[in-house]
Amino acid sequence: MANAGQVLEAFRVMTAHKSLSRDELHDLIKDGIQAALAKRYGPNVQAEITIDEEKGKIDIVVLKEVVEEVLDPSREVSVNEARWDDPDFQVGDLLEIPVEFADFGRTAVLAAKQRIIQRVREGERNRIREEFADKIGELLSGEVQAIERGKLVVMLNVLREAEAIIPWREQNPRERFRQGEPIRAVLKKLEETPKGPRLILSRADPGFVAALFKLEVPEIYQGVVKIVDIAREAGGRTKIAVVSKDDSIDPVGACVGLKGSRVQAVVSEMGGERIDIVPWHPDPEIYAKRALAPAKVAKVISEAEQKVITAIVDEDQLSLAIGRNGQNVRLASQLIGWQIDLYSSREWMERGAQSALFRATEEYEGAADFSLKELDIPPAVLAALDEAGYETFLNIIDLERDDFLRISGLDAEHAELLEKLIEELTIVEEPVELSGEMPPDAKPVASGGPLVESDEDVEETSEVATEPGESTIQAEGAESDEAAAVGNGDPATEAEAAPGAEALEVGEIAPPVEADVEAVAEGEPDERA
């Protein structure tokens, strides 16, 4: 067995290159030799194979059963033939035939080689499946190996044998990569092909933004701050909604970081894409107001059955609410999962809806409730109202004369007294509440609907997102509906930005960002998400 040591050494080099263990190496050798024996003796051959790496030896012994009549020559031998070697052989004994490693012919060696290559490939495919099956949505890093018809072929750092690509539709249209450049992307799915598993990576998926924030923000990695929703148009703008499990931690401030350092790192990795960070809220109306940031919404009306939100904004906020090519309202709708119909206040009133002083309406909505005992109401009337379940002023504010008369213990005089009291406490220069009914001929200025993913949508998104000058970051304060803008590169909207918002060009980390982060923390506690 002159060349067995050289074969073992060649196998050791291969296992080091393919990251195989010692046991896997022995299994490969035995399987290859078994294939060579099958080519020489037959498909049902039985053999004992012993590998001694220290001595560089491979011992091969073929086993054949001694029988009267041979039915399978690959594993049986006649008793007469067996007695040529030893006359004491009987039927049922096992004949051991030593085989020299050097005796294998070319055909047997090729069969062994083919089996070993097949086993190595199967091992690689299984290892890829085991390695990445539970890593969907995680961030992977590697190097651009080649660019083929628009798609990027990536060699991953964690497992170089894995086939990983970034299709054209999963790339950010702002970015261009060259061969040999480092790259990071999120694992979108594991795809099975005739050649084995293929990893589909993405830099355009919303999960890429979530993975970057998880990497940059320790609170998200630890689970204290959670990203609830993400809406993205790759290369243009991204909106994310965050919530904190700890009331002492501001989720927006945690994502922005000191002087915008954390969010700036994410924006830099995304090629200068704009990011809006808003605090999540379970109430769809409040959530819609925040999602439309940096625009300030005067009034929202929701229809829960149709999942439609009608948002009304002042004239000076209309362009901010719509965004470039309708991008802001479209992303806000995708973020909350409801359709948003946007109206200007002037058009809403011209279409026949009841007008209202928005500020007065907001003050009325925020009015505090109080007990009826604080009012000048006779004790008998208080007792009757309390027995009927009316304990506070807001409980009776919408009741009319007939409603009071139906309460046991109240008469017409008491009803008149209560009506007069409600009128005195509620009428302030006769404001009219904004109607929640849609005018019959009203048409929204802009409308956005929940995202329906398709290849055509992705291509359309890429066209919208490639306009120059869109490289900003915006963050909304957790305690107010005004956006704490970290930056705004849109000349059309900079003049209409929310009060206190400062402009910042991408790539700059300047004191105005710090002022925005402070603005995030100065919200009103009663509007915390």
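Residues numbered from 1 in each chain as written. Predicted model: local features only at pLDDT ≥ 70, side-chain atom pairs only at ≥ 80, totals over all residues. Heavy atoms only, no water.

### Considerations on the packing of helix H5 (residues 206-216) against helix H8 (residues 261-269)
The criterion, for reference: The axes are straight lines fitted to the C-alpha atoms, using for helices just the contacting stretch, and the angles between their N-to-C directions are given from 0 to 180°. The numbering of helices and of strands both runs from the N terminus, where a helix is a DSSP run of H or I of at least 4 residues and a strand a run of E of at least 2. Angles are sorted into four bins: roughly parallel if under 35 degrees, roughly antiparallel if over 145, roughly perpendicular if 65 to 115, and oblique for all others. Each crossing gets its hand from how the near helix is turned against the far one by less than a right angle, where anticlockwise is left-handed and clockwise is right-handed. Whether two residues touch is decided by their heavy atoms; if any such pair falls within 4.5 Å, the residues are in contact. For this scheme, ten residues count as nonpolar: Ala, Val, Leu, Ile, Met, Phe, Trp, Tyr, Cys and Pro. Four count as charged, namely Asp, Glu, Lys and Arg, and the remainder, Gly too, count as polar.
The contact between H5 and H8 brings their axes to 10 Å, and the two run at 140°. Taken together, H5 and H8 sit at an angle that is classed as oblique. Both H5 and H8 take part in a crossing whose hand is right-handed. In this structure, H5 uses Phe208, Leu212, Phe213 and Glu216 to contact H8, whose residues at the interface are Arg262, Val263, Ala265, Val266 and Glu269. Here the contact of H5 with H8 is built from residues that sort into six nonpolar, no polar and three charged.

### Here we look at helix H2 (residues 22-41)
The test is simple: Residue count minus one, scaled by 1.5 Å, sets the expected span of a helix. Only protein chains enter the accessibility calculation, which uses a 1.4 Å probe. A residue is then buried if its area is under 20% of the maximum for its type, exposed if over 50%, and partly exposed in between.
For H2, built from 20 residues, the straight-helix expectation of 28 Å at 1.5 Å per residue is met to within 8% by its first-to-last C-alpha distance of 28 Å. Three or more residues of H2 are buried, namely Leu25, His26, Leu28, Ile29, Asp31, Gly32, Ile33, Ala35, Ala36 and Leu37. Two residues or fewer after H2 comes Gly42, characterised by a positive phi angle close to 135°.

### Some remarks on a negative patch on the surface
Note the cut-off: What makes a patch is a set of residues exposed beyond 30% relative accessible area and free of salt bridges, joined within 9 Å when like-charged and within 5 Å when nonpolar (Val, Leu, Ile, Met, Phe, Trp, Tyr). Note on areas: Shrake-Rupley with a 1.4 Å probe; residue coverage comes only from the protein chains shown. Definition used for salt bridges: Asp or Glu carboxyl oxygen within 4 Å of a side-chain nitrogen of Lys or Arg. His residues and chain termini do not enter the charge count, which takes Lys and Arg as positive and Asp and Glu as negative. Throughout, a charge is located at the NZ atom of Lys, the CZ atom of Arg, the CG atom of Asp or the CD atom of Glu.
On the surface, a cluster of negative charge is contributed by Asp398, Glu400, Asp402, Asp411, Glu413, Glu416, Glu419, Glu423 and Glu424. With five residues, the single largest contributor to the negative patch is helix H17 (residues 412-426). Mapped onto the elements, Glu419 comes out in helix H17. The exposure class of Glu419 is partly exposed, given its relative accessible area of 31%.

### Structural notes on the nonpolar core
How we decide: Here, the term nonpolar core denotes a set of buried Ala, Val, Leu, Ile, Met, Phe, Trp, Tyr and Cys residues that are joined through side-chain atoms within 4.5 Å.
Leu292, Ile309, Ala311, Leu335, Ile336, Ile340 and Leu342 are the most contacted members of the largest nonpolar core, which totals 25 residues. Top element by residues in this core is helix H11 (residues 327-336). It accounts for five residues. Membership of the second largest hydrophobic core comes to 22 residues, among which are Ile227, Val252, Ile275 and Ile277.

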